[in-house]
Amino acid sequence: MNQQGHMASYGQPQPGYQGYQQFGYNSQHTAGVPTSQYGPYNGPVQGYQPTAVPQGPLRPTSEAAPTSLPPSTAAQSTAYNQYGQGDIQNGPAMSDQMQRFPVSQSYMPGSQPMPYQQYAPPASNAQQLPNQMAAMQISGSTSNAPPPVSQSYGPPTSHRQTTGPAAYTQYSTPPQNIPSNIPQSGNPPQHPFPGQSAPVTTFTSPPTSTGLTGMNLPPPPGVPRPTAMHGPPLPGQSQIGFPPSQPPSGHYPPQPNHRPAGPQPGMPGVVPGPPTQGFQVHPTQPSQGFIPQQNGSFGQMRAPQPNYAAPYTGAPTYSSQPQPQQKRLDPDSIPSPQLNELPPQQKTRHRIDPDAIPSPIQVIEDDKSNRGSEPFSTGVRGQVPPLVTTDFVVKDQGNSSPRFIRCAAYNLPCTSDMAKQCQVPLTAVIKPLATLPADEAPPYIVDHGKTGPIRCNRCKAYMCPYMQFIEGGRRFQCAFCSCVTEVLPHYFQHLDHTGKRMDYYDRPELSLGSYEFLATVDYCKNNKIPNPPAFIFMIDVSYNALKSGLVHLLCEELKSLLDYLPREGNAEESAIRVGFVTYNKVLHFYNVKSSLAQPQMMVVSDIADMFVPLLDGFLVNVNESRAVINSLLEQIPEMFADTRETETVFGPVIQAGLEALKAAECAGKLFIFHSTLPLAEAPGKLKNRDDKKLINTDKEKVLFQPQTSFYNNLAKECVAQGCSVDLFLFPNQYVDVATLGLVTYQTGGSIYKYTYFQAQADGERFLNDLHRDVRKVIGFDSVMRVRTSTGIRATDFFGSFYMSNTTDVELAALDCDKAITVEFKHDDKLNEDNGAQIQCALLYTSCSGQRRLRIHNLSLNCCTQLADLYRNCETDTLINYFVKLAYRGVLSNPTKTVRDTLINQSAQILACYRKNCASPSSAGQLILPECMKLLPVYLNCVLKSDVLQPGAEVSTDDRAYIRQLITSMDVAETNVFFYPRLLPVHKMDVDSDDFPMAIRCSEERLSKGGIYLLENGLNLFIWVGMNTQHDLIQSIFNVQSFGQIDSALATLPMLDNPYSKKLRSMVDMIRAQRPRFMKLMIVKQDDKMELLFKHFLMEDKSVNGGASYVDFLCHMHKEIRQLLS
């Protein structure tokens, strides 16, 4: 069997613990909420009639907590149908014996809906019970380490704690008395209620299983309740183990998975230190750096963790000795109300403890603490870099920085059969012009003079650290195609005793992963050195644009903004020339030649055949024409102040800019500021085709496709000229972003959208975006090619670009924010010794008109064992690929098909791991590879996104806009977009530069007495709980109480106190980390805006039918089991 990789494993949907009610916002069942796409949660399924959740007889909470069944008790049990509320869920009556297949569960038709699942008496011995319960395994194991003692978790022990870690107890019966003759066949276990699959128990002897034991089943009627317990203490009992969970008091009713009570350490994970009584895990090998310890998960895999160099000795081993209890976070340390004090609809059902499933926050924090302090040196082949959420310094030692290239797998399968078997996509996300932090040097520029860069004769790969010099340095062998090439005399250098050139460290192309070559005239269009590029500002002056204040605001800002055009290195002024056009139904060109006293306007009304009416004086140097330009910018708002023209054109505007760049024989960028659907008679005229009725039908894909082929053809012309289009939209209604954004998308441009724009409210966001857009590093007239060593080749590309052949990614412009995702496929076998090499070469024109080549190189390992592949994956990059694949898929498939495809491929990836890399264990255990344990939570975020599963309030334009933005996002941006960052502001340390530690994106993590900041790269919220301390409200908002806070605030008041300063600096730092300016929204608890805020709490069930994280994890488990069976 393959050596097993790291894993964390989690519990299985099982009988007896399923359908708790699905809660909407504030724990109330949301009426009219569409059902989720997963039948097992809340869709009608075979044999289940949806009915209201009946409230059965309630067991008094003072009664002794149910505990583990000793074998003697189990033997007496004949039926398990008298469970109290919360121990058993609703479901159909079943006549079949409750036995279990080692396969996925199916729903069996029941005769009628029953308030509680009634199991028929089992076959004469009650020894089947253990087998019906598959452990939800929270620990992992390796083949070469002793497996941990069996552990599992089940429903909480007492009604008083509907959630939380009190659910974990350990059987006190001696293992040798546990029956082992358990049939493995018969009818599959039934899901009693299509709401939630449940963790159940496994009974096994210590050395043989790798699950968590300890589910508490209440004894059947007539059987005295055993007294052995490790659950929460009843009144008068002492506490051993976890404290009972306590949801926030006050407005929020208790939620199914509230955080447990206790002191609040800095992070929502398990506090280091001795663990709770009742868990036994054999020590495994020391982990290499990364502790895969989850929020409330117990003793995950501690075998060698890939990619972490220094051994970490702090992984605790769990034993059954009484230990100090673990502390975990709780929003408010307030006791939870007794269950019988709650109104009936709020008596929540037992469910999987969210702290016991993989926590994104825990993984992020562990990576920060293990890998954030040391520099990441790129010298070792196939190293997995720190996560994108970790702040680290890169030392380039021969492989490109992960800021430029990130891969989904750093250990590629040697054969295509192995790649097909595991289904892990071989992809890289490449960001060729990525901005580097101040403490990292930009790529060196290498000038080889007139001969140009040194290249392989056959495959044309550029000189890089992987090339092998032979014959005393007179020739080199290519690492990509193995061809031998003569070294040119001027490039010759002797080799040292190791075969390295003597000038190895003096030449960036021999010792670094990323560098630039100055390109010769052979790399230029028509063999001519290019002219410096131009920026053309094209301003909509129709009625809407003037009424909103856009034109006045923009013209005022451009006066100062033109001082910040991109410039080369230490150049005193930018070489970029500028031009101006205004338009509504006709176009107005402006002559701003420096010799004129006043600007001159020329009107082109023949928009069917667009031409530029002037050549000299249209594109000018800013400094030379400063006075004329300022005069023009002052006059434009006045000239059109009384306009009543509401119709606009759009196609001719792009054509005009393109023609101007052609006439000037240069590349450049058009900045178009546009407000309405182009309805005027002109080329590229559009009609309003918005139709909400198409959502969730086979015709939905039409909404994402352009209306006309006109813009497709126009985009091709723009790319050929090196004309990129940045589009700023200011719509008050539908503008067909899917069509208008097409040219932007195919020319490598950026799109910005400000719905219902008002200068006063949205001006700050727009001007910040405009400043950054104009100033950012950009390469014009670019072509990118990805070369690979023999065995794999680049087969698919995702991003904002145009391709006229299968290898060249053509970009009219490429800026520092744009990433391109590349997929590789096998075309031959790979070799473990040689590994696999990737070289990305970007040819572009700099802002000064200099032609350059930027080269990025990366070498990866290859493996013949699946365990090695799964040990060296990067989930964030995998999700970046999946989301781009899905968002392209919606152009040609119904969204449901796209979602199902994603789920299926992810289930295949995890099932392959389970089958080939995990040690044998019950099919009821969900076992995830350590590197991919966040795949389910992140995948669920993608599936619930507005593009794939829109709510009624999401417009067609918004979906097209998000779809286009994400297509060119890098890994860090998709990571925070799909799983937002949620920071508890009330816990910030005003004396420290650090942010407070993030918490998980779930409503039950919010405390009524807290203030939270949520950001996802596009949105920024501050949520204020109604019980927040008045002092804190005063310090931040400068008002006395919660009720006086103004929700309409777009900026925080500038107050002279540490809390205000710290929060404002946090907001500024977060904005600086993201490519787009995020407008701040203040959300008060129970305010109408709270629904929008909750849309970003990605672990919760969404109003539009998206599953909660817990539900989806169980759904994924079901899919995996079906594949395994």
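The preceding data block contains the structure.
Residues numbered from 1 in each chain as written. Predicted model: local features only at pLDDT ≥ 70, side-chain atom pairs only at ≥ 80, totals over all residues. Heavy atoms only, no water.

(A) How the structure looks around the sheet that holds strand E31 (residues 1080-1084). The strand order across the open sheet formed by four strands is E28-E29-E30-E31, and the pairing between neighbours is mixed. The strands lining the two open edges of the sheet, one partner per strand, are strand E28 (981-984) and E31. Sheet twist, expressed as the average angle between the axes of neighbouring strands with direction ignored, equals 20 degrees. Looking at chain direction, strand E29 (residues 1011-1015) and strand E30 (residues 1020-1024) are connected through five bridges and run antiparallel. Across the sheet, the residue bridging to Ile1011 is Val1024, located in E30. (Pairing = 2+ DSSP bridges. Helix = DSSP H or I, 4+ residues; strand = E, 2+ residues; numbered from the N terminus. Axes fitted to C-alpha atoms, helices over the stretch in contact; angles between N-to-C directions.)

(B) Fine view of the environment of Leu658. With respect to the helices and strands, the residue Leu658 is situated in helix H10 (residues 651-664). Judged by its relative accessible area of 1%, Leu658 is buried. Residues Leu658 and Cys723 lie 65 residues apart in sequence; the distance between their C-alpha atoms is 6.3 Å. Leaving out residues up to four positions away in the same chain, Leu658 has contacts with Leu670, Leu714, Glu717, Cys718, Gln721 and Cys723. (Buried < 20%, exposed > 50% of the residue type's maximum accessible area, 1.4 Å probe, protein only. Contact = heavy atoms within 4.5 Å.)

(C) Structural detail: the packing of aromatic side chains. Across all of its chains, the model carries 32 aromatic pairs by this definition. Considering the side-chain rings of Phe376 and Phe392, the 6.2 Å spacing of their centres and the 85 degrees angle between planes classify their relative orientation as edge-to-face. Of this pair, Phe376 sits in strand E4 (residues 376-377) while Phe392 is found in the loop between E4 and strand E5 (394-395), placing the two residues 16 residues apart along the sequence. Accessibility classification places Phe376 together with Phe392 in one group, the buried group. One residue, Arg501, lies across the ring of Phe469, its end atom 4.9 Å from the ring centre. It is Arg501 that lies over the ring of Tyr491; its NZ or CZ is 4.4 Å from the centre. (Phe/Tyr/Trp six-rings, centres within 6.5 Å; stacked < 30°, edge-to-face > 60°. Lys NZ or Arg CZ within 6 Å of the ring centre and 35° of its normal.)

(D) Local environment of the packing of helix H15 (residues 875-889) against helix H19 (residues 971-978). Where H15 meets H19, the axes come as close as 9 Å, and the angle between the chain directions of the two elements is 80 degrees. Viewed along their axes, H15 and H19 adopt a mutual orientation that is roughly perpendicular. Judged by residue contacts, Asp876, Thr877, Asn880, Val883 and Tyr887 of H15 engage Val971, Thr974, Asn975 and Phe978 from H19. (Parallel < 35°, antiparallel > 145°, perpendicular 65-115°, else oblique.)

(E) Structural detail: the pattern of salt bridges. Taken as a whole and judged by the stated rule, the model has 46 salt bridges. For the salt bridge of Arg507 with Asp503, the shortest nitrogen-to-oxygen distance reads 2.8 Å. Taking the relative accessible area as the measure of exposure, Arg507 reaches 21% and is therefore partly exposed. Residue Lys776 is joined to Asp773 by a salt bridge in which the shortest nitrogen-to-oxygen separation is 3.2 Å. Each member of the pair, Lys776 as well as Asp773, carries the same accessibility label: buried. Beyond isolated ion pairs, a larger network of salt bridges with shared partners links Arg772, Asp773, Lys776, Asp815, Asp817 and Lys818. (Salt bridge = Lys/Arg side-chain N within 4 Å of Asp/Glu carboxyl O.)

(F) Here's a closer look at the side chain of Ser1035. Checked against the element boundaries, Ser1035 lands in helix H20 (residues 1030-1037). A polar atom in the side chain of Ser1035 sits 2.8 Å from the backbone oxygen of Asp1031. Apart from the residues within four sequence positions on either side, Ser1035 is in contact with Leu1055, Asn1057, Tyr1059 and Ser1060. (Polar contact = N/O pair within 3.5 Å; in protein donor to acceptor, adjacent residues only side chain to side chain.)

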